[in-house]
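# Coordinate analysis (summary)
Spelled out from the first residue to the last, the chains are:
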Amino acid sequence: MIPINQFIEVIKKHGALGVLTLWLTYTHFEVQDVKERLYNCLDRQTEINRKPIEEKQPPLPSVKNDTVAVLENKNRKLAKK
């Protein structure tokens, strides 16, 4: 960044054109900085998205300890121990 005394000298020497040049230079460097940060963020996001997605298997249905079998008949009663 330009020291303040050089900033004032440029304004005195070149007037409005100097102000616009300094403003344009400052804006250019700010945009470049934001652009670099956005690309870094995109790279990190891309790395995160490239990780394999682990498929979660559905939990197995719980079985009560006192259930032994299901009888196939009209009433469908559970056999108890």
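Residues numbered from 1 in each chain as written. Predicted model: local features only at pLDDT ≥ 70, side-chain atom pairs only at ≥ 80, totals over all residues. Heavy atoms only, no water.

Another point: the overall build of the protein. Summing up its helical and strand segments, the protein has two helices and two strands in all. Working note: accessible area of the protein is about 8400 Å², and carbon and sulfur atoms make up 60% of it. (Helix = DSSP H or I, 4+ residues; strand = E, 2+ residues; numbered from the N terminus. Areas by Shrake-Rupley, 256 points an atom, 1.4 Å probe, with all protein chains shown as cover.)

With that out of the way, let us pick up the pattern of salt bridges. Tallied over the full model, the rule gives one salt bridge. R37 is the partner of D33 in a salt bridge, and the nearest nitrogen-oxygen pair spans 3.0 Å. Taken together, the positions of D33 and R37, both in helix α2 (residues 16-50) and four residues apart, correspond to about one turn of that helix. The exposure class of D33 is partly exposed, given its relative accessible area of 33%. (Salt bridge = Lys/Arg side-chain N within 4 Å of Asp/Glu carboxyl O. Buried < 20%, exposed > 50% of the residue type's maximum accessible area, 1.4 Å probe, protein only.)

So, on to the confidence of the model for the protein. On average, the protein scores 77 in pLDDT, and the residues at 70 or more come to 60%. Within the protein, the element-level pLDDT minimum falls on strand β2 (residues 78-80), averaging 59, and the maximum on α2, averaging 87. (pLDDT = per-residue confidence, 0-100.)

We now examine the environment of T21. Following the sequence through the fold, T21 ends up in helix α2. Remark: the alpha-carbon pair of T21 and V10, spanning 11 residues in sequence, is separated by 9.4 Å.

Attention now moves to a nonpolar patch on the surface. On the surface, a nonpolar cluster with roughly 270 Å² of combined accessible area is contributed by I4, F7 and I8. Within the secondary structure, F7 is located in helix α1 (residues 4-14). (Patch = residues over 30% accessible without salt bridge, like charges linked within 9 Å, V, L, I, M, F, W, Y side chains within 5 Å.)

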